[in-house]
Amino acid sequence: MKENYTICHCMQVSYADIANALEGMQKMEDVLLAFEKVQEVTHCSTGCGGCHDKVIETISEIMMG
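Throughout, residues of each chain are indexed from 1 in the direction in which the sequence is written. For a predicted model such as this one, the threshold for reporting local features is a pLDDT of at least 70, and the threshold for listing and counting side-chain atom pairs is 80 or more; totals across whole chains, interfaces and linings nevertheless cover every residue. As a rule here, side-chain values come from all non-hydrogen atoms in the structure, and water together with hydrogens is ignored.

Draft legend 1. Just a negative patch on the surface, in detail. On the surface, Glu 29, Asp 30, Glu 36 and Glu 40 cluster together to form a negatively charged patch. Segments assigned H or I by DSSP are reported as helices when at least four residues long, segments assigned E as strands when at least two residues long, and all are numbered from the N terminus. With respect to the helices and strands, Glu 40 occurs in helix α2 (residues 31–42). Exposed residues in this analysis have more than 50% of their type's maximum accessible area, buried residues have under 20%, and partly exposed residues fall in between, with area computed by a 1.4 Å probe over protein chains only. Glu 40 sits in the exposed class, given a relative accessible area of 61%. Here the term patch refers to residues with relative accessible area over 30% and no salt bridge, with like charges joined within 9 Å and nonpolar side chains (Val, Leu, Ile, Met, Phe, Trp, Tyr) within 5 Å. Note that accessible areas follow from Shrake-Rupley with a 1.4 Å probe, and for residues the cover is restricted to the protein chains shown. Any Lys or Arg side-chain nitrogen located within 4 Å of an Asp or Glu carboxyl oxygen qualifies as a salt bridge. Asp and Glu are treated as the negative residues and Lys and Arg as the positive ones, with His and the ends of the chain left uncounted. In plain terms, the charge of a residue is placed at NZ if it is Lys, CZ if Arg, CG if Asp and CD if Glu.

Given below as structure tokens:
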């Protein structure tokens with residue numbers, strides 16, 4: 001895994017937190033569906049929303065392996 005760093009500063013969600021939230025997902029084909037799952041688990045992008053694009057980018061990166 002890449003170096004761990006904070007992606008959502010409002011909710012203190014790190015790269016590892018997002019990766020952990022994605023673990024156990026049966027299907028990882030839809031980035032927006034995965035975003036909803038990650039948001040449900042971590043509450044990222046529910047504060048100011050400034051990290052939305054970075055969260056989507058991180059999910060895509062993790063999904064691509």
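Draft legend 2. Local environment of α2. Helix length check: α2 (12 residues) gives 16 Å between terminal C-alpha atoms against 16 Å at 1.5 Å per residue, within 8%. What α2 keeps buried is the set Ala 34, Phe 35, Val 38 and Thr 42. In an axial view of α2, the angular spread of the buried residues amounts to 105°, which keeps them on one side of the axis. Facing away from the buried side of α2 by more than 90 degrees, the exposed set consists of Leu 32 and Glu 40. Any N or O atom pair separated by 3.5 Å or less is treated as a polar contact, with the protein-specific requirement of one donor-capable and one acceptor-capable atom, and with residues adjacent in sequence counted only for side-chain atom pairs. N-cap assignment for α2: the residue whose side-chain oxygen lies 3.0 Å from the backbone N of Leu 32 is Asp 30. Expected span of a helix, by definition, is 1.5 Å for each gap between consecutive residues, and there is one gap fewer than residues. The directions considered for the arc run from the helix axis to the C-beta atoms.

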